[in-house]
Amino acid sequence: MYKRNERLSLIRKRISQYGEVAVKDLALFLQVTPETVRRDLEILEYDKLITRTHGGAIKYNHMNKEKPYTNKWHKQAHVKSRIAKKAASLIQPGEIILIDGGTTTGRIPKFLNHITQVTIVTNSLKITDELNRAIERQRIQGETGKTNTEQDVVRGHMTNELLQRFKFDQALISCGSFDTSDCYEYDLEEAHASHLMIGQSKTSYLLADSSKRDANAAPY
């Protein structure tokens, strides 16, 4: 049985060797429970030695810290608006739509016009404000539902529990980065929320500009 300091050292060595490790594999390798591994990963992440992901950990990189929402809003603004406009055109009257928080998805309300009887659920405070403004101006008819203030979203256990009670026609999803095989997020809880959103929706669309390609973020 390894002592804690020994486990921490071995975990760091395996991450250095493989780039990414899974909790279940570490538990088997160290002959401890997954809960013990998760506690060890929390210590290493607090000391900025690794970055936890959904189900494991990767090498620590200072770039894994996501920039504040307001700092990202103006980056690739024209491209993000084009993507948001296309996404808005997919929304049909009578649908139940899920929109997560992001600087591309946050532009969708601007392009919603003449949509009736639509229900939009979002965990983004900014999107909720914009949707309510669109309803007040009678550009759309419907209702909104919502529930890391830096990223202008609400996430966590209660949000995830509520998401599981709904079924959606479409999910319009943002991400921290993507490559040819996966989508990634900077925040573990936001990644879990996005994973749930996709699972609860008939159809899901990823809204991301080219700056998100192969950027440094943690996998879903």
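- The protein chain appears in an unreviewed UniProt entry as Lactose phosphotransferase system repressor from Staphylococcus saccharolyticus.

### Regarding the overall build of the protein chain
(1) Moving on: When helices and strands are counted, the protein chain shows eight helices and 11 strands.
(2) Moving on: Taken across its 220 residues, the protein chain has 44% of its residues classed as buried.
(3) Moving on: Carbon and sulfur atoms make up 49% of the accessible area of the protein chain, which amounts to about 12,300 Å² in all.

### Concerning the confidence of the model for the protein chain
(1) Moving on: Confidence in the prediction for the protein chain averages 82 pLDDT; 84% of positions are at 70 or higher.
(2) Moving on: Note that pLDDT drops below 50 for residues 147–154; the model gives that stretch 30 contacts with residues more than four away or on any other chain.

### Focus: helix H3 (residues 34–46)
(1) Moving on: Between the first and last C-alpha of H3 there are 18 Å, a value that for 13 residues agrees with the 18 Å anticipated at 1.5 Å per step.
(2) Moving on: For H3, the set of buried residues is Thr36, Val37, Asp40, Leu41 and Leu44. In a view along the axis of H3, the buried residues occupy a sector of 140°, so they form one face of it.
(3) Moving on: Backbone geometry just downstream of H3 places Lys48 in the positive-phi region, at approximately 60°.

### As for helix H8 (residues 188–199)
(1) Moving on: With 12 residues, H8 ought to run about 16 Å at 1.5 Å a step, and its terminal C-alpha atoms sit 17 Å apart, in line with that.
(2) Moving on: All of the buried residues in H8 are Glu190, Ala191, Ala193, Ser194, Leu196 and Met197.

### Quick word on the nonpolar core
(1) Moving on: By size, the foremost hydrophobic cluster in this structure holds 17 residues, and its most contacted members are Ile91, Ile97, Ile99, Ile108, Leu112, Ile120 and Leu172.
(2) Moving on: Those elements that provide at least two residues to this core are helix H5 (77–89), strand S4 (96–99), strand S5 (115–122) and helix H6 (125–136).
(3) Moving on: Those residues in contact with Ile97, other than ones at most four positions away along the chain, are Ile91, Val118, Thr119, Ile120, Val121, Phe168, Gln170 and Leu172.
(4) Moving on: By size, the runner-up hydrophobic cluster in this structure holds 14 residues, among which are Ile11, Val21, Ala27 and Val32.

### A word on the pattern of salt bridges
(1) Moving on: Applying the stated criterion across every chain yields a total of seven salt bridges.
(2) Moving on: One salt bridge in this structure joins Asp40 and Arg4, with 3.9 Å as the shortest N-O distance. Taken together, the residues Asp40 in helix H3 and Arg4 in helix H1 (residues 4–18) connect sequence positions 36 residues apart.
(3) Moving on: On the accessibility criterion, Arg4 (42% relative accessible area) is partly exposed.
(4) Moving on: Where Asp169 meets Lys202, a salt bridge forms, and the shortest distance between an N and an O atom there is 3.4 Å. With Asp169 in strand S7 (residues 168–173) and Lys202 in strand S10 (residues 201–206), the pair connects residues that are 33 residues apart, well separated along the chain.
(5) Moving on: Here Asp169 falls in the buried class, since its relative accessible area comes to 19%.
(6) Moving on: By relative accessible area, Lys202 is classed as exposed at 70%.

### Section: the packing of helix H2 (residues 23–30) against H3
(1) Moving on: Where H2 meets H3, the closest approach of the two axes is 9 Å, and the angle between their N-to-C directions is 105°. When the axes of H2 and H3 are compared, the pair comes out roughly perpendicular. Contacts between H2 and H3 involve Val23, Leu26 and Ala27 on the former and, on the latter, Pro34, Val37, Arg38 and Leu41.
(2) Moving on: Across the contact of H2 with H3, the residue classes break down as six nonpolar, no polar and one charged.

### Here's the deal with the environment of Asp40
(1) Moving on: Under the relative-accessibility criterion, Asp40 is labelled buried at 0%.
(2) Moving on: When the C-alpha positions of Asp40 and Ile11 are compared, they lie 8.6 Å apart, and in sequence the two are 29 residues distant.
(3) Moving on: Discounting residues that sit within four places of it in the chain, Asp40 has contacts with Arg4, Arg7, Leu8 and Ile11.

### Re the environment of Leu172
(1) Moving on: Locating Leu172 in the fold gives a position in strand S7.
(2) Moving on: For the pair Leu172 and Tyr205, spaced 33 residues apart in sequence, the C-alpha to C-alpha distance is 5.1 Å.
(3) Moving on: Every residue in contact with Leu172, bar those within four places of it in the chain, is listed here: Ala87, Ile91, Ile97, Leu98, Ile99, Asp100, Thr105, Ile108, Tyr205 and Leu207.

### Some remarks on the packing of aromatic side chains
(1) Moving on: What the rule picks out here adds up to one aromatic pair.
(2) Moving on: With centroids separated by 5.7 Å and ring planes inclined at 20°, the aromatic side chains of Phe166 and Phe168 adopt a geometry described as stacked.
(3) Moving on: Assessed through its relative accessible area of 36%, Phe166 is described here as partly exposed.
(4) Moving on: Looking at Phe168, the relative accessible area reads 2%, which means it is buried.
(5) Moving on: When the ring centre of Phe29 is taken as reference, the NZ or CZ atom of Arg14 above it lies at 4.0 Å.

Criteria and cut-off values
Residues numbered from 1 in each chain as written. Predicted model: local features only at pLDDT ≥ 70, side-chain atom pairs only at ≥ 80, totals over all residues. Heavy atoms only, no water. Helix = DSSP H or I, 4+ residues; strand = E, 2+ residues; numbered from the N terminus. Buried < 20%, exposed > 50% of the residue type's maximum accessible area, 1.4 Å probe, protein only. Areas by Shrake-Rupley, 256 points an atom, 1.4 Å probe, with all protein chains shown as cover. pLDDT = per-residue confidence, 0-100. Contact = heavy atoms within 4.5 Å. Expected span 1.5 Å × (residues − 1). Arc of directions from axis to C-beta. Core = buried A, V, L, I, M, F, W, Y, C linked by side-chain atoms within 4.5 Å. Salt bridge = Lys/Arg side-chain N within 4 Å of Asp/Glu carboxyl O. Axes fitted to C-alpha atoms, helices over the stretch in contact; angles between N-to-C directions. Parallel < 35°, antiparallel > 145°, perpendicular 65-115°, else oblique. Nonpolar A, V, L, I, M, F, W, Y, C, P; charged D, E, K, R; others polar. Phe/Tyr/Trp six-rings, centres within 6.5 Å; stacked < 30°, edge-to-face > 60°. Lys NZ or Arg CZ within 6 Å of the ring centre and 35° of its normal.

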